[in-house]
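This is what each chain is made of:
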Amino acid sequence: MTWEFKKDRPIYAQLIEQIELNIISGLWGPGERLPSVRDLAAQAAVNPNTMQRALSELERDGLLYTVRTSGRFITEDGNMIQKLKDSLAMVEIREFFEKMSKLGFDRSQTIRMLENAARGEK
Amino acid sequence: MEPILECRAISKWYGAKLALDRLDLTIPRGRIIRLLGPNGSGKSTLIKLCNGLLTPTGGELLIGGKAVGLETKKIVSYLPERTYLNSWMRVHELIAFFKDFYADFNESRAYDMLSRLSINPKDRLKTMSKGTKEKVQLILVMSRDSQLYLLDEPIGGVDPATRDYILNTILSNYNENATIIISTHLIADIEQILDDVIFVNQGHIVLTASVDEIREQKGMSVDALFREEFKC
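Residues numbered from 1 in each chain as written. Chains lettered and ligands numbered in written order. Predicted model: local features only at pLDDT ≥ 70, side-chain atom pairs only at ≥ 80, totals over all residues.

### Quick notes on the overall build of chain B
Here's step 1: Counting its secondary structure elements, chain B contains 8 helices and 10 strands.
Here's step 2: Here chain B has a C-alpha radius of gyration of 18 Å; the compact-globule value for 232 residues is 17 Å, and the two agree.
Here's step 3: Along the first, second and third principal axes, the C-alpha set of chain B runs to 45 × 40 × 35 Å.
Here's step 4: Looking at the 232 residues of chain B, the share that counts as buried comes to 41%.
Here's step 5: By sequence separation, contacts in chain B at least 24 residues apart represent 70% of the contacts at least 6 residues apart. (Helix = DSSP H or I, 4+ residues; strand = E, 2+ residues; numbered from the N terminus. Rg over C-alpha atoms; globule rule 2.2 N^0.38 Å. Buried ≥ 20, exposed ≤ 12 C-beta atoms within 10 Å, placed from the backbone. Contact = placed C-beta atoms within 7 Å.)

In structure tokens form, the structure reads like this:
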């Protein structure tokens with residue numbers, strides 16, 4: 001997996017997003033143990049303190065949890081992962097509607113085109 | 001823990017020219033910091049004061065709580081802008097040289113990095129390209145278990161793939177209580193490994209901030225901010 005970063009946004013925020021993606025895509029499964037902060041930082045080629053900050057925030061949100069002495073794990077709460085998945089999907093959908101409206105399509109036109117496209121028509 | 005570096009009202013005059021003007025600066029341990037500033041802003045002067053190559057005209061400079069001297073040189077690893085190494089020497093001779101000089105030199109780490117960058121320890125420095133010479137110097141400097149690393153314009157001539165490897169090596173090898181200060185204006189894409197950025201201009205510190213603070217508050221990268229602040 002490669003980690004990529006945009007130039008105009010905080011790195012820790014981008015780390016959070018990529019880790020969330022790893023979790024909802026199942027690349028990192030529920031209950032799985034995470035590598036150490038140092039290893040993760042080296043993998044992503046980021047500063048360990050930045051990685052620490054991202055992990056702490058994810059922990060505060062409940063997506064990760066720490067077990068004393070044995071490390072950091074991904075939540076086993078399937079509902080929580082599903083909720084995250086839904087909310088990220090909503091973000092994508094809203095963005096898509098916005099782009100379509102810039103092209104001059106209203107919601108119903110957009111939905112119609114979407115349905116057609118899904119059926120494989122032009 | 002006491003800071004690794006403390007400058008109290010440091011000034012440096014070169015004859016009638018003021019290079020650093022009553023500079024105050026405290027740098028904690030365990031940080032990766034980039035020193036940034038236009039040409040002639042005082043970056044190299046500051047670094048040379050930290051390793052004792054220059055002495056301040058006024059003020060006080062402490063490394064790990066001690067005045068710069070023999071004791072502080074033991075814990076400071078310095079990569080100069082221009083090499084002081086003898087170009088007729090072979091890499092393995094340089095390694096022996098560093099081992100003699102520094103008690104904290106880790107020989108096996110040096111050989112390990114050399115082999116991963118496919119550098120032959122039997123090669124002489126003078127037969128190498130600019131980028132390879134830089135790699136050798138950086139390997140020597142980073143193979144010490146120091147508490148403060150001062151890197152003045154490292155890896156400018158190194159290709160991007162090697163640069164990634166080197167950054168990664170820095171990240172995975174350095175001790176978490178050590179601090180690295182990198183002075184450079186060449187490299188835009190090292191931002192993600194940094195904790196803080198210190199902007200220096202005309203002998204003054206104009207801004208100290210973390211990379212993410214700059215991105216959050218200004219909505220731009222450190223590099224973009226630099227171009228804006230110091231537009232010619």
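Now that the structure is up, let's keep going.
### Thoughts on the interface of chain A and chain B
Here's step 1: With 15 residues of chain A at the contact, the number on the chain B side is 19 residues.
Here's step 2: Looking at the side of chain A that touches chain B, the element that brings in the most residues is helix 3 (residues 48-60) of chain A, giving 3 residues.
Here's step 3: Partitioning the side of chain A that touches chain B into residue classes produces 9 nonpolar, 3 polar and 3 charged. (Nonpolar A, V, L, I, M, F, W, Y, C, P; charged D, E, K, R; others polar.)

### A word on the sheet that holds strand 10 (residues 204-210) of chain B
Residue and element names in this part refer to chain B.
Here's step 1: Taken in spatial order, the 6 strands of this open sheet run 6-7-8-3-9-10, and their pairing is mixed. Pairing within the sheet leaves two strands with one partner each, and these edge strands are strand 6 (76-79) and strand 10. Here the strands of the sheet are splayed against their neighbours by 15° on average, with no regard to which way each runs.
Here's step 2: Set on the sheet, helix 1 (residues 43-50) makes contact with strand 3 (32-36), strand 6, strand 7 (148-152), strand 8 (179-183) and strand 9 (196-201); between it and strand 7 the angle comes to about 145°.
Here's step 3: The strands touched by helix 5 (residues 130-142) are strand 6 and strand 7; relative to strand 6, the strand with the most contacts, the crossing angle is about 175°. (Pairing = 2+ DSSP bridges. Axes fitted to C-alpha atoms, helices over the stretch in contact; angles between N-to-C directions.)

### Observations regarding the sheet that holds strand 5 (residues 66-67) of chain B
All names here are of chain B.
Here's step 1: Sheet architecture is open: 4 strands sit in the order 2-1-4-5, paired in antiparallel fashion. With one partner strand each, in any of the chains shown, strand 2 (17-27) and strand 5 form the two edges of the open sheet.
Here's step 2: Relative to strand 5, strand 4 (residues 58-63) runs antiparallel, the two sharing 2 bridges. Across the sheet, residue Leu62 finds its bridge partner in strand 5, namely Ala67.

### Focus on unusual backbone geometry
Residue and element names in this part refer to chain A.
Here's step 1: Look at Ala45: it is not a glycine, yet its phi comes out positive at around 55°.
Here's step 2: Structurally, the position occupied by Ala45 is in the loop between helix 2 (37-44) and helix 3.
Here's step 3: Despite not being glycine, Thr69 has its phi angle at roughly 70°, a positive value.
Here's step 4: Among the secondary structure elements, Thr69 is positioned in the loop between strand 1 (64-67) and strand 2 (71-74).

### Let's talk about the packing of helix 1 (residues 11-24) of chain A against helix 4 (residues 78-102) of chain A
Residue and element names in this part refer to chain A.
Here's step 1: Two elements in contact, helix 1 and helix 4, have axes separated by 10 Å at closest approach and are oriented at 120°. Considered as vectors, helix 1 and helix 4 are oriented oblique to each other. Between helix 1 and helix 4 lies a crossing of left-handed hand. Of helix 4, the residues touching helix 1 (which contributes Glu20, Ile23 and Ile24) are Ile81, Leu84, Lys85 and Leu88. (Parallel < 35°, antiparallel > 145°, perpendicular 65-115°, else oblique. Left-handed = near helix turned anticlockwise from the far one by under 90°.)

### Observations concerning the environment of Gln82(A)
Here's step 1: Inspection of the secondary structure puts Gln82(A) in helix 4.
Here's step 2: Remark: the alpha-carbon pair of Gln82(A) and Ile24(A), spanning 58 residues in sequence, is separated by 7.5 Å.

### Brief notes about the nonpolar core
Residues and elements named next belong to chain B.
Here's step 1: Counting 81 residues, the largest nonpolar core has Cys50, Leu150 and Ile180 as its most contacted members.
Here's step 2: In terms of residue count, helix 5 provides more of this core than any other element does, 6 residues in total.
Here's step 3: Those residues within four positions of Ile180 in sequence are excluded, and the remaining contacts are Ile32, Ile33, Tyr149, Leu151, Ile170 and Tyr174. (Core = buried A, V, L, I, M, F, W, Y, C linked by C-beta atoms within 7 Å.)

### Focus: the confidence of the model for chain B
Residues and elements named next belong to chain B.
Here's step 1: With 97% of its residues at a pLDDT of 70 or more, chain B shows a mean pLDDT of 89.
Here's step 2: Mean pLDDT across the elements of chain B ranges from a minimum in helix 6 (residues 160-173), with 75, to a maximum in helix 3 (residues 91-101), with 95.
Here's step 3: Confidence metrics for the complex model read pTM 0.84 and ipTM 0.75. (pLDDT = per-residue confidence, 0-100.)

### Remarks on the environment of Arg215(B)
Here's step 1: Structurally, Arg215(B) is set in helix 7 (residues 211-218).
Here's step 2: Sequence separation between Arg215(B) and Leu225(B) is 10 residues; the distance between their C-alpha atoms is 9.2 Å.
Here's step 3: Setting aside residues no more than four positions away along its own chain, Arg215(B) makes contact with Asp8(A), Arg9(A), Pro10(A) and Ser221(B).

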